[in-house]
Amino acid sequence: MALVTAEELQSELDMFSIPCQDESVLDKMLEQCICYQLQADEMLHQWVAYGSKKGGPKLTMDTLDQFEHEVLKKRTKSRQNFRKEDSHNRTRDIQTVHDLIKVEEEEESLLDAYSTPAKGSQKRPLTTPEHPHSKRSAALLASPGLLLSPASFSPSATPSQKYSQRGGKGEVVVTFGAVQGTRWVGRKNPGAGVQPELLEGPDDSLRCSYKYMFQRLRDVRNVLTEKIEELGENLRTHFSIEEFSPVSLPAQDSITVLGQVCCDSNGKLNAQSVLLEAGPEQGGQQVPVDLSELKEYSLFPGQVVVMEGMNATGRKLVASKLYEGVPLPFYTSNVKMETDEEPMNVLVACGPYMPSDSLTFDPLLDLISVIVRDRPDVCLLLGPFVDSKHEQIEKAQVTETFEAIFSRCIESIVDGTKSVGCHLVFVPSQRDIHHHFIYPQPPFTLPNLSKDQAQRVTLVPDPCTLLIDGVTFGVTSTDILFHMGAEEISCGTGSDRFSRILKHMLTQRSYYPLYPPVEEVNMDYEKFQSFGQMPLTPDVLIIPSELRYFVKDVAGCVCVNPGRLTKGQVGGTYGRMLIQSSATPEDGKRVNPCLTAQVVKI
């Protein structure tokens, strides 16, 4: 800092028109500037502020002494306190922690050199080891779980007691298909010849981030209109319906109408609040629907349906028949599959990968151990990897950026499974705090992966349809089961809620058919129209949820909810499947390639 001169102070005084004839007063001000490390302009600003409070006192030796006592000394004291607190509260990164430990170790060794040995210390060998390490630094050395060490993310992180004391490790809680005598191991060379790829191809898939929050209501309306018209045309062709009538046109005869189910208010849908909203071709109006004559129905907001009934006044449709949607056909390959090939072992796990009361990745390390033991061919790993709903992340109790935690998490998975050679597929989640909060969600970017690592890793968007070894997988990490389960209404269907919701997804041909979506899902409808629809009915649908895990066959599609790897403070579940793509039998009947599946406790 440059020293202040009397000339600078005088020019500042002249600027504020403050008279100062006595040189001793000017010298006193100069002394105060040097003592309290103030520039000339800062000194004048402080004096003018002080003078405005005191009614504009004259510049004398007495007033300068009073100004020093009331302003300058207090200012210096508060600055010192702030520096103390700042140095005490400053968050230390891992390098700083390492440096502090190193300094402490040097101090300890210096003290040991001057101190008198204790009585029992003579029993220790007095030779110097080749590579001396203190216990504290040994805990930070490279190990399989080093990258995921709790000290890496928070100085106060401790392993979860409830997770470590969990029971039922490795217990099978759900079984599907013939499991007797099944060996849950991959092929002799896991991942060899298996290359997951997006069914739509790279050009027609969501491959990178995009601009969002530029959505116009007109664009949303156009997407919804096209959805109504497209599904309506399929229903009309399948059920041989001649034409659709306008929903609000009075008619004494039975009419057939097409529209989208919606609610008459912002509340939850119920049997008395159902409206049917038609597309522009059918008038674009809404009409209340009376469901009392329907023996069975299952409806949710956003569902495109065809109804038959009476609308004598034009103000209410009394529905007498409800036409269900039709799923898309399954994938058929022109390539001839070898039937004597070993089945493919696929492991599925969904985050969060750490307990809610700790920043340790113990569940993920246990999952890596399972992968090394079972040697699956493909691992489908769904987010969240760095969960925005984690208690300590919500309270900002981490010492690294979220991106750094995520990249180290992925590196640990890739390096930990290197000996297996399995193929890794990473799917993002709306709850991944470091990633875009938009649906459809673009894939992760991992620029630091080496060429060898990148060959084993596939990054896909949410949602997506994958083709793996001739078998199609529909994958989404968004909890559509939970969202639709809260909105769906039904009567007399006889089936469980999970099966109904899954059937709706297949017949509506969408990974997220609910409209409007829940508040936490930020939908971009133009991208959703391109990347959120099912191009076909998948052989296997992976649909993780907070709701109870299951494996179900719905309309020929095996639907798997593997649960989450952690449930609060305790361990959760993961899924595993044996897949074999078989040639089409002579009778033409399709056989699902999923031979067997299980949900297992971690």
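Residues numbered from 1 in each chain as written. Predicted model: local features only at pLDDT ≥ 70, side-chain atom pairs only at ≥ 80, totals over all residues. Heavy atoms only, no water.

S.K.: Can you walk me through the pairing of strand β3 (residues 251-263) in this structure?
M.R.: Here is the key point about a regular strand: its side chains alternate between the two faces of the sheet. The element β3 is largely enclosed, with a buried count of ten among its 13 residues. Sheet topology note: the β3/strand β4 (residues 274-277) ladder contains four bridges and is antiparallel. If you follow Gln260 over to β4, its bridge partner there is Glu277. (Buried < 20%, exposed > 50% of the residue type's maximum accessible area, 1.4 Å probe, protein only. Helix = DSSP H or I, 4+ residues; strand = E, 2+ residues; numbered from the N terminus. Pairing = 2+ DSSP bridges.)

S.K.: So what exactly am I meant to see when it comes to the pattern of salt bridges here?
M.R.: Oppositely charged side chains are able to pair whenever their charged atoms sit close together. Under the defined criterion, the tally for this structure stands at 19 salt bridges. Across the salt bridge formed by Glu546 and Arg431, the nearest N and O atoms sit 2.9 Å from each other. In this pair, Glu546 sits in the loop between β16 (540-542) and β17 (550-554) while Arg431 sits in the loop between β11 (423-427) and α12 (451-456), placing the two residues 115 residues apart along the sequence. We classify Arg431 as buried; its relative accessible area is 13%. Taking the shortest distance from any N to any O, the salt bridge between Glu488 and Arg500 comes out at 2.6 Å. Placement of the pair is Glu488 in the loop between α13 (480-485) and β15 (489-491) and Arg500 in helix α14 (residues 497-508), with a sequence separation of twelve residues. Residues Glu488 and Arg500 agree in their burial class; the two are buried. A single network of salt bridges, built from pairs that share partners, joins Asp387, Arg431, Glu546, Arg564 and Lys567. (Salt bridge = Lys/Arg side-chain N within 4 Å of Asp/Glu carboxyl O.)

S.K.: What am I meant to see in the sheet that holds strand β2 (residues 197-198) here?
M.R.: Sheet strands associate in pairs through backbone hydrogen bonding, adopting either a parallel or an antiparallel arrangement. Pairing is mixed across the open sheet formed by six strands, whose spatial order is β2-β13-β14-β16-β18-β17. For this open sheet the edge positions go to β2 and β17, each flanked by a neighbour on one side alone.

S.K.: Help me understand the packing of aromatic side chains in this model?
M.R.: The relative placement of two aromatic rings is captured by the distance of their centres and the angle of their planes. This structure, assessed with the given rule, holds 15 aromatic pairs. For the pair Phe385 and Phe406, a centre-to-centre distance of 5.9 Å together with 70° between the ring planes defines the contact as edge-to-face. Here Phe385 is found in the loop between β10 (378-382) and α10 (391-394), whereas its partner Phe406 is found in helix α11 (residues 402-416), with 21 residues between them in sequence. Of the two residues, Phe385 and Phe406, neither departs from the other in class, the shared state being buried. Ring geometry for Tyr525 versus Phe528: centroids 6.1 Å apart, planes at 80°, classification edge-to-face. (Phe/Tyr/Trp six-rings, centres within 6.5 Å; stacked < 30°, edge-to-face > 60°.)

S.K.: I keep staring at helix α1 (residues 6-15) and nothing clicks. Help me out?
M.R.: Quick reminder: α-helices carry 3.6 residues per turn. Residues three or four places apart thus point the same way. For α1, the full list of buried residues reads Leu9, Glu12 and Leu13. On an axial view of α1, the arc spanned by its buried residues comes to 100°, and they lie on one face. Residues of α1 that are exposed and point more than 90 degrees away from the buried face comprise Glu7 and Met15. Positive backbone phi, at 55°, marks Ser17, one or two positions downstream of α1. (Arc of directions from axis to C-beta.)

S.K.: Would you explain a nonpolar patch on the surface in this entry?
M.R.: Together, Met15, Phe16 and Val48 line one region of the surface with nonpolar side chains, adding up to about 270 Å² of accessible area. Structurally, the position occupied by Val48 is in helix α3 (residues 40-54). (Patch = residues over 30% accessible without salt bridge, like charges linked within 9 Å, V, L, I, M, F, W, Y side chains within 5 Å. Areas by Shrake-Rupley, 256 points an atom, 1.4 Å probe, with all protein chains shown as cover.)

S.K.: For this particular structure, what's the right way to read the state of the cysteines?
M.R.: Put plainly, a disulfide is one covalent bond tying together the sulfur atoms of two cysteines. Per the stated rule, a full pass over the model turns up zero disulfides. There is no disulfide at Cys263, and the cysteine sulfur nearest it, in Cys262, is 7.8 Å away. The buried category is assigned to Cys263, whose relative accessible area is 18%. (Disulfide = S-S within 2.5 Å.)

S.K.: Before we go on, may I ask you to explain the packing of helix α9 (residues 362-374) against α11 in this structure?
M.R.: Helix-helix packing is characterised by the crossing angle of the two axes and by the distance between the axes. Two elements in contact, α9 and α11, have axes separated by 10 Å at closest approach and are oriented at 20°. Between α9 and α11, the crossing angle belongs to the class labelled roughly parallel. Regarding α9 and α11, the two cross each other, and that crossing is right-handed. Counting all contacts with α9, which are made through Leu364, Ile368 and Val372, the residues of α11 involved are Cys409, Ser412, Ile413 and Gly416. Residue classes in the contact of α9 with α11 are distributed as five nonpolar, two polar and no charged. (Axes fitted to C-alpha atoms, helices over the stretch in contact; angles between N-to-C directions. Parallel < 35°, antiparallel > 145°, perpendicular 65-115°, else oblique. Left-handed = near helix turned anticlockwise from the far one by under 90°. Contact = heavy atoms within 4.5 Å. Nonpolar A, V, L, I, M, F, W, Y, C, P; charged D, E, K, R; others polar.)

S.K.: What exactly am I supposed to notice about the sheet that holds strand β8 (residues 317-323) here?
M.R.: The strand order β3-β4-β5-β8-β7 describes a closed barrel built from five strands, whose pairing is mixed. On average, adjacent strands in this sheet sit at an angle of 55° to one another, irrespective of strand direction. Pairing of β3 with strand β7 (residues 304-311) involves seven bridges; the strand directions are antiparallel. Residue Ile255 lies in a different strand from β7, and its bridge partner there is Gly309.

S.K.: How should unusual backbone geometry be read in this particular structure?
M.R.: The general pattern is negative phi for most residues beyond glycine and trans for most peptide bonds. Omega for the peptide link from Asp462 to Pro463 comes to 0°, which places this bond in the cis form. When you line up the elements, Pro463 lands in the loop between β12 (457-459) and β13 (464-468). For the bond from Tyr515 to Pro516, the omega torsion is 0°, close enough to zero to count as cis. Along the chain, Pro516 falls in the loop between α14 and α15 (525-531). Residue Ala396 is not a glycine yet carries a positive backbone phi of 60°. Tracing the backbone shows Ala396 in the loop between α10 and α11.

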